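Chain residues, written in single-letter form:
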Amino acid sequence: GAVVSQHPSWVICKSGTSVKIECRSLDFQATTMFWYRQFPKQSLMLMATSNEGSKATYEQGVEKDKFLINHASLTLSTLTVTSAHPEDSSFYICSASFGPYEQYFGPGTRLTVT
Amino acid sequence: GEDVEQSLFLSVREGDSSVINCTYTDSSSTYLYWYKQEPGAGLQLLTYIFSNMDMKQDQRLTVLLNKKDKHLSLRIADTQTGDSAIYFCAETRYTDKLIFGTGTRLQVFP
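## Here we look at the interface of chain B and chain A
Contacts between chain B and chain A engage 21 residues on the former and 21 residues on the latter. Summed over both partners, the interface of chain B with chain A comes to about 1600 Å²; 56% of that surface belongs to carbon and sulfur atoms. On inspection of chain B and its partner chain A, the count reaches one salt bridge. The partner of Lys-97 of chain B in a salt bridge is Glu-59 of chain A, with the nearest N and O atoms 2.8 Å apart. The biggest single contributor to the side of chain B that touches chain A is strand S4 (residues 31–37) of chain B, with four residues.

Below, the structure is given as structure tokens:
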């Protein structure tokens, strides 16, 4: 149980375009979903926390207009990277939680912006 | 501060025990976690411990918590090549927000 999927697993896009990444909890309803960013050989950096039906809470330094998060249902959250640039290239990982203190992670999405 | 520190690299021989260490700075941590990340993949929760516990054992994994020194360790008994990965410790402080350590790359050689 507690499986989280992400789609796509990798994506290449041109600079200036937008990319949407989906995060789904497959066998549970997630009250909270989290989006992380990971650079090569580095730790995970929390970007934002989203609760179903409400606006996401962004961490300091994360541009909310650039990284749009929508948490439309208890099983789906999306992250849209708008007007992507090469510096946005990274590994994006989501996680989902249905109770306090437990998060289950998706397999990640590798974004490359050319 | 929010720093959670780990040593960067650990190399062990197959069959030996591995001990991965983690230090944190905030005494209000509630839960402490160990996650495993294989190349190009997400994070797999290995185990977690509540802050009022000293030790937790789960098959080959043993977690030790020294709250006084703010030190957490993960011992992997009979380490196998499949254990090669990056291991992250993480903590929460009365919220769902995870604060991750810097990660330790474990390499197991035959």
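## A look at the confidence of the model for chain A
Averaged over every residue, the pLDDT of chain A is 92; residues scoring 70 or more account for 98%. Within chain A, the element-level pLDDT minimum falls on strand S10 (residues 102–105) of chain A, averaging 88, and the maximum on strand S11 (residues 109–113) of chain A, averaging 97.

## So, the environment of Gln-6 of chain B
Residue and element names in this part refer to chain B. With respect to the element layout, Gln-6 can be found in strand S1 (residues 4–6). Distance in space between the C-alpha atoms of Gln-6 and Lys-56 is 20 Å, their sequence separation being 50 residues. With residues up to four places along the chain from it excluded, the contact list for Gln-6 reads Ile-20, Asn-21, Cys-22, Trp-34, Tyr-87, Phe-88, Cys-89, Gly-101, Thr-102, Gly-103 and Thr-104. In terms of polar contacts, Gln-6 uses its side chain to reach the backbone amide nitrogen of Cys-89, at 3.0 Å.

## Digging into the sheet that holds strand S7 (residues 67–73) of chain A
Two pairing modes exist for strands in a sheet, parallel and antiparallel, and in both the strands are linked by backbone hydrogen bonds. Residue and element names in this part refer to chain A. Strand order in the open sheet made by the four strands is S1-S3-S8-S7, with antiparallel pairing throughout. With one partner strand each, in any of the chains shown, strand S1 (4–7) and S7 form the two edges of the open sheet. Between one strand axis and the next, the sheet turns by 15° as a mean value, whatever way the strands run.

About the cut-offs
Residues numbered from 1 in each chain as written. Chains lettered and ligands numbered in written order. Predicted model: local features only at pLDDT ≥ 70, side-chain atom pairs only at ≥ 80, totals over all residues. Heavy atoms only, no water. Contact = heavy atoms within 4.5 Å. Buried area = accessible area lost by both parts, 1.4 Å probe. Salt bridge = Lys/Arg side-chain N within 4 Å of Asp/Glu carboxyl O. Helix = DSSP H or I, 4+ residues; strand = E, 2+ residues; numbered from the N terminus. pLDDT = per-residue confidence, 0-100. Polar contact = N/O pair within 3.5 Å; in protein donor to acceptor, adjacent residues only side chain to side chain. Pairing = 2+ DSSP bridges. Axes fitted to C-alpha atoms, helices over the stretch in contact; angles between N-to-C directions.

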